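Chain by chain, the residues run as shown.
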Amino acid sequence: MHADKKELRAAMLRQRSSLDPGEVNAKSSAVIENFLSTRKLMQHTCFLVYLPIKSEVDTKPLLRELLQQGREVYAPYCDPHRPGRMEFYRVQDLSCLRPGFCNIYEPEPKQENIFENHAPSVAVVPGVAFDESGYRLGFGQGFYDRYFSLLSDPGPLLAGFAYDFQVVERLPADPWDIPMHFIFTETRTIEVFTQNKSS
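This structure is a prediction, so every number in the text was calculated from the model and none was measured.

1. Considering the overall build of the protein
Then, in step 1: Along the protein, the regular secondary structure elements total 5 helices and 12 strands.
Then, in step 2: By principal-axis analysis of the C-alpha atoms, the protein measures approximately 40 × 40 × 35 Å.
Then, in step 3: Out of the 199 residues in the protein, the part that is buried amounts to 49%.
Then, in step 4: Across the protein, contacts joining residues at least 24 apart in sequence account for 68% of those joining residues at least 6 apart.
Then, in step 5: Here the protein displays about 10,500 Å² of accessible surface, and carbon together with sulfur accounts for 49% of that area.
Then, in step 6: Charged side chains in the protein number 22 positive and 26 negative. The centres of these two groups are separated by 1 Å.

2. Focus on the pattern of salt bridges
Note on pairing: side chains with opposite charge can pair once their charged atoms come close.
Then, in step 1: Tallied over the entire structure, the rule returns 6 salt bridges.
Then, in step 2: Note that Glu 186 is salt-bridged to Lys 27, the shortest N-O span being 3.2 Å. In this pair, Glu 186 is assigned in the loop between strand E11 (182-184) and strand E12 (189-191) and Lys 27 in helix H2 (residues 21-36), connecting sequence segments 159 residues apart.
Then, in step 3: Residue class for Lys 27 comes out partly exposed when judged on its relative accessible area of 23%.
Then, in step 4: In this structure, Lys 60 engages Asp 58 in a salt bridge whose closest nitrogen and oxygen atoms are separated by 3.0 Å.
Then, in step 5: Overall, Lys 60 belongs to the partly exposed group, its relative accessible area being 31%.

3. Observations concerning the sheet that holds E12
Then, in step 1: The mixed open sheet is built from 7 strands, whose spatial order is E3-E2-E1-E6-E9-E11-E12. This sheet does not close on itself; its edge strands, each paired only once, are strand E3 (86-90) and E12. In this sheet, neighbouring strand axes are inclined to one another by 25° on average, regardless of whether the strands run parallel or antiparallel.
Then, in step 2: Where strand E1 (residues 46-49) and strand E2 (residues 72-78) come together, 3 bridges link them in parallel fashion. Among the inter-strand pairings, Cys 46 is bridged to a residue of E2, identified as Glu 72.
Then, in step 3: Running at roughly 160° to strand E9 (residues 157-161), H2 makes contact with E1, strand E6 (122-125), E9, E11 and E12 of the sheet.
Then, in step 4: The strands touched by helix H4 (residues 60-68) are E1, E2, E6 and E9; relative to E1, the strand with the most contacts, the crossing angle is about 165°.

4. As for the packing of H2 against H4
Then, in step 1: Interaxial distance between H2 and H4 falls to 9 Å at its minimum, and their mutual angle equals 35°. For H2 against H4, the interelement crossing comes out right-handed. Within the contact between the two elements, H2 uses Ile 32, Phe 35 and Leu 36 and H4 uses Pro 61, Leu 62, Glu 65 and Leu 66.

5. Regarding H4
Helical periodicity: at 3.6 residues per turn, an α-helix aligns residues three or four positions apart in one direction.
Then, in step 1: Those residues of H4 that fall on the buried side of the exposure criterion are Leu 62, Leu 63 and Leu 66. Take H4 and look down its axis: the buried residues cluster within an arc of 100°, on one side only.
Then, in step 2: Its buried side turned inward, H4 meets H2, helix H3 (39-42), E1, E2, E6 and E9.
Then, in step 3: Taken from the residues just after H4, Gly 70 is the one with a positive phi, measuring 80°.

6. Regarding the packing of aromatic side chains
Then, in step 1: Under the definition given, this model contains 14 aromatic pairs.
Then, in step 2: An angle of 10° between the planes, with centres 5.9 Å apart, marks the rings of Phe 182 and Phe 184 as stacked.
Then, in step 3: For Phe 182, a relative accessible area of 2% puts it in the buried group.
Then, in step 4: These aromatic residues form a ring-pair network of at least three members: Phe 35, Phe 47, Tyr 50, Phe 161, Phe 182 and Phe 184.

7. Structural notes on the sheet that holds strand E10 (residues 167-168)
Then, in step 1: Ordered by their spatial adjacency, 3 strands build an open sheet running E8-E7-E10, and the pairing between neighbours is mixed. The open sheet has two edge strands with one neighbour each: strand E8 (136-137) and E10.
Then, in step 2: Pairing analysis gives 2 bridges linking strand E7 (residues 129-131) to E10, with the strands arranged parallel. Bridge assignment links Phe 130 to a residue of E10, and that residue is Val 167.

About the thresholds
Residues numbered from 1 in each chain as written. Predicted model: local features only at pLDDT ≥ 70, side-chain atom pairs only at ≥ 80, totals over all residues. Heavy atoms only, no water. Helix = DSSP H or I, 4+ residues; strand = E, 2+ residues; numbered from the N terminus. Buried < 20%, exposed > 50% of the residue type's maximum accessible area, 1.4 Å probe, protein only. Contact = heavy atoms within 4.5 Å. Areas by Shrake-Rupley, 256 points an atom, 1.4 Å probe, with all protein chains shown as cover. Lys, Arg positive; Asp, Glu negative; His and termini not counted. Charge placed at Lys NZ, Arg CZ, Asp CG, Glu CD. Salt bridge = Lys/Arg side-chain N within 4 Å of Asp/Glu carboxyl O. Pairing = 2+ DSSP bridges. Axes fitted to C-alpha atoms, helices over the stretch in contact; angles between N-to-C directions. Left-handed = near helix turned anticlockwise from the far one by under 90°. Arc of directions from axis to C-beta. Phe/Tyr/Trp six-rings, centres within 6.5 Å; stacked < 30°, edge-to-face > 60°.

Structure (C-alpha cells):
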C-alpha cells in the first residue's frame with residue numbers, strides 16, 4: 001500500500017511540476033472561483049488557508065479576496081522546535097508573511113493570533129492527490145492529518161484544492177487519514193458525503 005502511495009506521489013509531482021506559470025495562474029483562478037461560488041462554505045467567516053509551494057494551486061488571490069471581504073484568515077506555521085507539528089495563525093496582510101518551513105510563506109507565530117476552534121470554519125487544504133471519496137495524499141509527513149485530529153469536534157469543513165489530474169477514483173487510505181468534505185479543481189466541485197464526517 002505504501003509503495004503504491006510512493007509511486008503515485010512521484011507521478012503526480014512530476015505532472016504538477018510540468019505546469020508552466022501561466023497554466024498555474026489560470027487553473028488556480030478557476031479553482032478559487034469554484035470555491036467562492038459555493039454558498040455552503042462562504043456563509044462562514046473564518047478560513048484556514050494554506051500557502052502554495054512550487055506549482056501547487058496558488059491560494060494567494062484567495063487570501064486577498066477573503067481579507068478584502070473582512071473574513072478572519074489564518075495560515076499554517078510549522079514550528080521548527082516541534083517537528084511534525086503545525087498551527088494556524090491569523091493573517092492581517094500578505095505583506096507580513098515570510099518564508100519558513102520548506103521555503104513556504106508563513107505568518108508570524110504570535111500567540112494572540114493563534115487559531116482557536118470555537119466557531120464554524122473552513123480549511124483549504126493542499127494535496128498531491130485526492131480521490132472521489134475525499135481521501136488525500138500529501139507529502140507523507142502527516143502535518144494536516146495530525147493537526148485536524150487534535151482539534152475538538154466539530155472541526156472545520158475541509159476543502160481540498162487540486163488540479164483535475166490530481167483527482168483519482170480511489171487512493172490507498174490509512175486509518176488515520178482524514179477525508180475532505182469538498183474537493184475543488186479547475187472544472188469540478190466535488191461534495192463528499194461519508195459517515196465518518198460531520199458537516
